[in-house]
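One-letter residues, chain by chain:
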Amino acid sequence: VSIGLENEKFALELSANHQDAMNTIADGSQKTEDALTYDLAASYTISDNTGAFATVTNLTDETYIASRHPYGVRPGAPLMAYIGLKQKF
């Protein structure tokens, strides 16, 4: 689910992502965890050919088990942020 605002120069989007718990063994004795994470993305048009963007994933830094196999318990992605420029040629 996502909601956003956009005009000619600026865009902002907040999204919610749900991952349900899953069995990792057929008999159901081991499962991953369900998780609800939020992402935030923004972009700004500098000119016809240039834009800037920023993205934050897992905004609340939710900790959850994303997988148990093949190498044991592995967590989901942590809070991450990145920024960048886009250039059209």
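The structure reproduced in this document is the subject of the present report. (Residues numbered from 1 in each chain as written. Predicted model: local features only at pLDDT ≥ 70, side-chain atom pairs only at ≥ 80, totals over all residues. Heavy atoms only, no water.)

**Thoughts on the overall build of the chain**
Going by this rule: Only DSSP runs of H or I with at least four residues qualify as helices, and only runs of E with at least two residues qualify as strands; both kinds are numbered from the N terminus onward. For a compact globule the rule gives 2.2 Å times the number of residues to the power 0.38, and the radius of gyration it is set against comes from C-alpha atoms. Whether a residue is buried, partly exposed or exposed follows from its accessible area with a 1.4 Å probe, protein chains only, as a fraction of its type maximum: under 20%, in between, or over 50%, in that order. Here a residue-residue contact requires only that any non-hydrogen atoms of the pair lie within 4.5 Å. For accessible areas, the Shrake-Rupley method is used with a probe of radius 1.4 Å. Any residue's cover is judged against the shown protein chains and nothing else. When charges are counted, Lys and Arg contribute as positive and Asp and Glu as negative, whereas His and the chain ends are disregarded. The atoms used to mark charge sites are NZ of Lys, CZ of Arg, CG of Asp and CD of Glu.
Helix and strand counts for the chain stand at zero helices and seven strands. Secondary structure elements in the chain, listed N-terminal to C-terminal, are β-β-β-β-β-β-β. The globule rule puts the C-alpha radius of gyration for 89 residues at 12 Å, and the 18 Å found for the chain is more than 25% above it. A principal-axis box enclosing the C-alpha atoms of the chain has dimensions of 55 × 25 × 20 Å. The buried share among the 89 residues of the chain stands at 18%. For the chain, the share of sequence-separated contacts (at least 6 apart) that also reach a separation of at least 24 residues comes to 43%. For the chain, the exposed area adds up to about 6,600 Å²; of that, 58% sits on carbon and sulfur atoms. Here the chain contributes 6 positively and 11 negatively charged side chains, and the mean placements of these two sets differ by 6 Å.

**Digging into the sheet that holds strand 4 (residues 50-57)**
The condition that has to hold: Here the rule is simple: two strands pair whenever DSSP picks up at least two bridges between them. For helices, the fitted line uses only the C-alpha atoms of the stretch in contact; every axis is such a line through C-alpha atoms, and the angle between N-to-C directions lies from 0 to 180 degrees.
Judged by pairing direction, the sheet is antiparallel, and its five strands sit side by side in the order 1-2-3-4-7 without closing on themselves. Across the chains shown, the open sheet's two edge strands, defined by having one partner strand only, are strand 1 (2-6) and strand 7 (80-87). Averaged over all pairs of adjacent strands, the angle between strand axes in this sheet comes to 10 degrees, irrespective of strand direction. Alignment of strand 4 against strand 7, held across eight bridges, turns out to be antiparallel.

Spatial relationships are all this shows, so hold off on functional conclusions.
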